[in-house]
Every structure is written in C-alpha cells, then in structure tokens.
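Architecture and fold: a report
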Amino acid sequence: MTTTTKTPAEVAEVLTEALPYIQRFHGKTIVVKFGGNAMVDEALKRSFARDIVLMKLVGFNPVVVHGGGPQIGELLDRIGKETRFVDGMRVTDAETMDVVEMVLGGLVNKEIVQLINAQGGRAVGLTGKDGGLIRARQLRLDGMGADTPGSELPDIGHVGEVASIDASVVNMLDTGEFIPVIAPIGVGDDGRGYNINADLVAGKLAEVLGAEKLILLTNTEGLLDKDGHLLTGLDAERVEELIQDGTIQGGMLPKIRCALESVQNGVRAAHIIDGRVTHAVLLELFTDRGVGTLIHGPS
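The rules behind these values
Residues numbered from 1 in each chain as written. Predicted model: local features only at pLDDT ≥ 70, side-chain atom pairs only at ≥ 80, totals over all residues. Heavy atoms only, no water. UniProt positions renumbered as here; feature names shortened; annotations may be inferred. Axes fitted to C-alpha atoms, helices over the stretch in contact; angles between N-to-C directions. Helix = DSSP H or I, 4+ residues; strand = E, 2+ residues; numbered from the N terminus. Left-handed = near helix turned anticlockwise from the far one by under 90°. Contact = heavy atoms within 4.5 Å. Buried < 20%, exposed > 50% of the residue type's maximum accessible area, 1.4 Å probe, protein only. Polar contact = N/O pair within 3.5 Å; in protein donor to acceptor, adjacent residues only side chain to side chain. Phe/Tyr/Trp six-rings, centres within 6.5 Å; stacked < 30°, edge-to-face > 60°. Arc of directions from axis to C-beta. Parallel < 35°, antiparallel > 145°, perpendicular 65-115°, else oblique. Nonpolar A, V, L, I, M, F, W, Y, C, P; charged D, E, K, R; others polar. Pairing = 2+ DSSP bridges.

If you look the chain up in an unreviewed UniProt entry, it shows as Acetylglutamate kinase from Aquisalimonas asiatica. Taken directly from UniProt, the Subcellular location (unreviewed entry) text for the chain runs: "Cytoplasm".

Below is the structure:
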C-alpha cells in the first residue's frame, strides 16, 4: 500500500484552514451523537476518540451521546431472549431493560470512555440516571406519553422519551476539563429505567446546554437529493420543502426532524455526517468543505 506524505507547506495549509474554526468555536459546547459504523469499526473508533480529544485540547467542550442497538441485539441473541419489534421499536420488558442498561451503561459506555482516555482525554461515563440528568416518560407509538389522557395504544414497555434534562452534572464535568460520555437511559417518575433514542437525547441535550453545534454520525454521506447529490447549508424552510416533496423520507426523516428541532430551539447548527469517514468530526468542524449536511438556524 502506498502512503502519501504531506509536505511542510501542505501541513501548514491544513492548519491555517482550521485556525478560524478553532477561534470561532473556542469555549463552545459541541454535542456529538456517536453511532453506526463508527461504533463497530476499530479504526473508526480510534479516529473518533482522537477527534474528541483534539476538540477538547483546542478549547471546545465536546459532549458525547452514544447508541448501541446492535450490541443490545447481539447480547439478547446470545442469552436466548426473543426480541419483538412494533413499528421499528424494540418491545422492552423488564428483563430486556436489564440487558439494555448493562450494554449501554456498562459495556458500550465504558469502552468509549476507555477509547478517549487511551488517546489522552479525561472522559467520564454517565447514564441519564446519574445526577438526575434525564427524566423520562414512557413512549407511546403515536408519540404521546403514556400519561396522555384517553390514550389506548400498544404498550412497548421501557421505551421512553425525554421529559426533561438537568444538565448541571454535564456542565460541571465540562468546566472541570472532563469529557462527558452519556448513555441514553432515563428514569421515570415511577423510578423505572427507560431506553431512549440516542439522536433524541443528543438533540434535547444540545438545546438545554445551548450548544453551538449538534453532530449526528450516520452510515450515509448525509442528506442527498433525488439525483444522489449531497445537500448542505439548509435552513428550516428548505428542510420542510424537502420533507414535503419526498426527498427526505425513511430512516433519514427522524434524524432530520431531530436536527431541525434543535436549531429551532437555539442550537446554532446541526450536522448529519458520514461516520464511515476517518476523522469525520474534524473534517466537518475544521475544513471549508466538510463531510455532511449542515442545517443552520435563523441568521
């Protein structure tokens, strides 16, 4: 395999391109949802960890929220626990929730913490149960909470949505030079644990923290038009047009809605980027071209 060595001039050009972005985002909070291929490919995991450590070292305040659906499914299969899905969501009884907490709050969370620490960072793993971080309520299939009067909908168990977020523990870690790594598990008023979609947790957390950016890693290039060309630099009006004309559909729709809601509620910009690209986070943050779709709020 042939490797290309950059000349000193080329290295200097890369650094000078990054400089204005480092200056602009110094001291700002960046919430990153870590998932997809980037979570299972060893090289991508290491590059992600290095990206996060570099962000912290140049003065950003990165906050990582992670998923872990495939890892949960793998462990359920290994223990012989049958999984049932309703409208694409895993029916989560008490036994399944025990596995979810073990995988998300234990195995996956601590692996990410270790990856970041191995690159020189100071990561701390949390779930939404820690410090009262995420209050949850049961999710119902039409999007209404289980406490909605008159609702008679299928019960999918310990699957939740965000009721509220108290980000004081995250703020404390950020100002203390630590990097919070958060598993998307919340606790309800009934004391039960709830598994919450990681994109939704990242979006709500970005809003509460007043984040400069929300970054969602995916297994696609970003948002593509009907001819397969990458779309970026979109505002809320343009996103709604793309939803109405069918350009945005399927699995991309909930991610786009999450990103759109975050910028409508104060986050400066949301990015949907290709987590299959090495150092995708740095390329999106520090280069003019980027590697995904940017959705920005009002000017």
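For any two helices packed against each other, one specifies the crossing angle of their axes together with the interaxial distance. At a closest axis distance of 8 Å, the pairing of helix H2 (residues 42-57) and helix H4 (residues 94-118) adopts a crossing angle of 65°. Read as a crossing pair, H2 and H4 show a hand that is right-handed. Residues Lys 45, Ala 49, Ile 52 and Val 53 of H2 pack against Glu 111, Leu 115 and Ile 116 of H4.

Glancing now at the UniProt feature "site: Transition state stabilizer" (unreviewed entry) in the chain. Mapped onto this structure's residue numbering, the UniProt feature "site: Transition state stabilizer" (unreviewed entry) falls at Lys 33 and Lys 255. For this annotated set, covering 223 residues, all C-alpha atoms fall within 11.0 Å of each other, a compact arrangement in space. Within the secondary structure, Lys 33 sits in strand S1 (residues 29-34). Lys 33 sits in the buried class, given a relative accessible area of 10%. Leaving out residues up to four positions away in the same chain, Lys 33 has contacts with Val 65, Gly 67, Ala 198, Asp 199, Ala 202, Ile 215, Leu 216, Leu 217 and Lys 255. Side-chain polar atoms of Lys 33 contact the side chain of Asp 199, separated by 3.4 Å. Here Lys 255 lies in helix H8 (residues 252-264). Residues within four places of Lys 255 in sequence aside, it is in contact with Lys 33, Asp 199, Leu 216, Leu 217, Thr 218 and Ile 272.

Time to look at the packing of aromatic side chains. In total, this model carries 4 aromatic pairs according to the counting rule given. Ring centres 6.0 Å apart and planes at 80° place the aromatic pair Phe 25 and Phe 60 in the edge-to-face group. Of this pair, Phe 25 sits in helix H1 (residues 8-25) while Phe 60 sits in the loop between H2 and strand S2 (61-66), placing them 35 residues apart in sequence. Its relative accessible area of 3% is what places Phe 25 among the buried residues.

It is worth spelling out helix H7 (residues 236-244) at this point. By the burial criterion, the buried members of H7 are Val 239, Leu 242 and Ile 243. What you see down the axis of H7 is that its buried residues fit within an arc of 100°, all on one side. Residues of H7 that are exposed and angled more than 90 degrees away from the buried face: Glu 237 and Gln 244. Contacts from the buried residues of H7 go to H8 and strand S13 (292-296).

Moving on: the packing of H7 against H8. Packing of H7 against H8 leaves a shortest axis separation of 11 Å and a crossing angle of 160°. Judged on the interaxial angle alone, H8 and H7 are roughly antiparallel. Considering only the axes of H7 and H8, their crossing is left-handed. Mapping the contact onto sequence places Ala 236, Val 239, Glu 240 and Ile 243 in H7 and Leu 253, Ile 256, Arg 257, Leu 260 and Gln 264 in H8. Of the residues that constitute the contact of H7 with H8, the class distribution is 6 nonpolar, 1 polar and 2 charged.

Time to look at the sheet that holds strand S5 (residues 123-127). Taken in spatial order, the 7 strands make up an open sheet running S5-S8-S2-S1-S11-S12-S13, and their pairing is mixed. Across the chains shown, the open sheet's two edge strands, defined by having one partner strand only, are S5 and S13. Each strand axis lies, on average, 20° off the axis of its neighbour in the sheet, ignoring direction. In this structure, strand S12 (residues 269-274) lies alongside S13, joined through 5 bridges in antiparallel fashion. Looking at S13, one finds that Ile 272 is bridged to Thr 293.

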